[in-house]
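A closer look at the structure
What follows is each chain in one-letter form.
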Amino acid sequence: MDAYSSNSARESYSGSAPVVIAGDGQAAIARASRTVEAAGFRVGATVMIEQAAERIALQASTSALWIELERDGGHSMDQLLRQVNAHTDDGRYAAIVAT
């Protein structure tokens, strides 16, 4: 049997839940990812605004949702912000919305 190293010493899943990042473009997602990682948090997923609601439903646990916006996202953004508002009110996770 062959064994392969996975560099598991680099990743620790015993700490806090990861941060999910949603953005309205690749530059926005990259900017948010750099900020989250620089703060010492683990990025659990990165998605476009249009897929964020579905991804949040699939995520078993998240410490925060970071939404990075470069422009008005119209209906998709409004719908996501309403959902996130309800979830944060329920204490499911924290949310950051950056522009």
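Residues numbered from 1 in each chain as written. Predicted model: local features only at pLDDT ≥ 70, side-chain atom pairs only at ≥ 80, totals over all residues. Heavy atoms only, no water.

A few points about the overall build of the chain
Looking only at helices and strands, the chain features three helices and four strands. Reading the chain from its N end, one meets helices and strands in the order β-α-β-α-β-α-β. Residues counted as buried form 33% of the 99 residues belonging to the chain. Taking the intrachain contacts of the chain between residues at least 6 apart in sequence as the baseline, contacts between residues at least 24 apart amount to 72%. As presented, the chain carries roughly 6,300 Å² of accessible surface, and 49% of it is formed by carbon and sulfur atoms. (Helix = DSSP H or I, 4+ residues; strand = E, 2+ residues; numbered from the N terminus. Buried < 20%, exposed > 50% of the residue type's maximum accessible area, 1.4 Å probe, protein only. Contact = heavy atoms within 4.5 Å. Areas by Shrake-Rupley, 256 points an atom, 1.4 Å probe, with all protein chains shown as cover.)

Describing the pattern of salt bridges
With the rule as written, the count across this model stands at three salt bridges. Two residues, aspartate 24 and arginine 71, come together in a salt bridge whose shortest N-O distance is 3.8 Å. Taken together, the positions of aspartate 24 in the loop between β1 (19-23) and α1 (26-38) and arginine 71 in the loop between β3 (64-68) and α3 (74-89) put the pair 47 residues apart, joining distant regions of the chain. One salt bridge in this structure joins glutamate 68 and arginine 31, with 2.9 Å as the shortest N-O distance. Taken together, the residues span a long stretch of sequence, with glutamate 68 in strand β3 and arginine 31 in helix α1 at a distance of 37 residues. Taking relative accessible area as the criterion, arginine 31 reaches 30% and is therefore assigned partly exposed. (Salt bridge = Lys/Arg side-chain N within 4 Å of Asp/Glu carboxyl O.)

Some remarks on the pairing of strand β4 (residues 94-98)
Taken together, the five bridges between β3 and β4 define a ladder with parallel strand orientation. Opposite leucine 65, over in β4, you have alanine 95 as the bridge partner. Handedness of the crossover is the feature at issue here: the chain leaves β3, passes through α3, returns alongside β4, and the resulting connection is right-handed. (Pairing = 2+ DSSP bridges. Right-handed = clockwise from strand over helix to strand, strands pointing away.)

What to know about the environment of alanine 28
Mapped onto the secondary structure, alanine 28 falls in helix α1. Distance from alanine 28 to glutamate 70, taken between C-alpha atoms, is 6.7 Å for residues 42 residues apart in sequence.

Section: the packing of helix α2 (residues 49-58) against α3
Between α2 and α3, the least distance of the axes is 8 Å, while the angle of their chain directions is 30°. Between α2 and α3, the angle is such that the two are roughly parallel. Here the hand of the crossing between α2 and α3 comes out left-handed. On α3, the residues that touch Ile49, Glu50, Ala52, Ala53 and Ile56 of α2 are Ser76, Met77, Leu80, Gln83 and His87. Of the residues contributing to the contact of α2 with α3, the split by class is six nonpolar, three polar and one charged. (Axes fitted to C-alpha atoms, helices over the stretch in contact; angles between N-to-C directions. Parallel < 35°, antiparallel > 145°, perpendicular 65-115°, else oblique. Left-handed = near helix turned anticlockwise from the far one by under 90°. Nonpolar A, V, L, I, M, F, W, Y, C, P; charged D, E, K, R; others polar.)

Quick notes on α1
Residues spaced three or four apart along an α-helix face the same direction, because each turn holds 3.6 residues. Between the first and last C-alpha of α1 there are 18 Å, a value that for 13 residues agrees with the 18 Å anticipated at 1.5 Å per step. Turning to α1, the residues buried within the fold contact β1, β2 (43-48) and β3. Residue glycine 40 follows α1 closely and has a positive phi angle near 90°. (Expected span 1.5 Å × (residues − 1).)

Treat this as a map of the structure, not an account of what it does.
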